[in-house]
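# Survey of secondary and tertiary structure
Chain by chain, the residues:
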Amino acid sequence: MASVMAALGHPARVTILRRLACCDECCCREVVEHLNLAQSTVSQHLKVLVEAGLVSYEPRRPKSRYVLNRQALQSVSSAISDLVNDCCSQQPSANP
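These lines cover the structure that appears in this document, whether it is placed above or below.

Cut-offs used in this document
Residues numbered from 1 in each chain as written. Predicted model: local features only at pLDDT ≥ 70, side-chain atom pairs only at ≥ 80, totals over all residues. Heavy atoms only, no water. Buried < 20%, exposed > 50% of the residue type's maximum accessible area, 1.4 Å probe, protein only. Helix = DSSP H or I, 4+ residues; strand = E, 2+ residues; numbered from the N terminus. Arc of directions from axis to C-beta. Contact = heavy atoms within 4.5 Å. Salt bridge = Lys/Arg side-chain N within 4 Å of Asp/Glu carboxyl O.

## Observations concerning helix α2 (residues 11–21)
Of the residues making up α2, those classed as buried are A12, R13, I16, L17 and L20. When α2 is viewed along its axis, its buried side chains cluster within an angular range of 145 degrees and face the same direction. Turned more than 90 degrees from where α2 packs its buried face, P11 and R18 sit exposed. Its buried side turned inward, α2 meets α1 (2–8), α3 (28–32), α4 (39–51), β1 (55–58), β2 (65–68) and α5 (70–89).

The following block contains the structure:
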C-alpha cells in the first residue's frame, strides 16, 4: 500500500492516471501530448505507476501501450475507505 500511495503522491502521476482513464490505452507519446513534461520524465512517471500496479504495460510494435488498472484503483479506494471508517468510527477514550 505504501508504494501505491507514494505513486499517487506526485501530481504528474495523478494527471497521467486521469489521462489513461479517458481512453482504453495510450502510448507514451499520447500521454506526453497532454502534459508539459519531457518524454523521458513521463516515461519515468509511467514506470513508477507500472511498478505500483496502477498501470499495465503492454509492449507492442511499433508503440508500447499503457492501460489503467481500474481494479487496482478500486482496491486502493476500498482500502482508504476502510482505513477512514476504522479510524473515524472508533470513539477516543476519555482521559481521567
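## Re the side chain of H45
Within the secondary structure, H45 is located in helix α4. Residue class for H45 comes out buried when judged on its relative accessible area of 8%. Setting aside residues no more than four positions away along its own chain, H45 makes contact with H10, A12, R13, I16 and L37.

## So, the pattern of salt bridges
Overall, the coordinates contain 5 salt bridges when judged by the stated rule. Measuring nitrogen to oxygen at the nearest pair gives 2.7 Å for the salt bridge that ties E25 to R60. Of this pair, E25 sits in the loop between α2 and α3 while R60 sits in the loop between β1 and β2, and the two are 35 residues apart along the sequence. With relative accessibility at 26%, the residue E25 sits in the partly exposed group. The class for R60 is partly exposed, based on a relative accessible area of 37%. Its salt-bridge partner being R65, residue E30 comes within 3.4 Å of it at the nearest N-O pair. Taken together, the residues E30 in helix α3 and R65 in strand β2 connect sequence positions 35 residues apart. For E30, a relative accessible area of 21% gives the class partly exposed. Residue classification places R65 among the buried residues on the basis of a relative accessible area of 14%.

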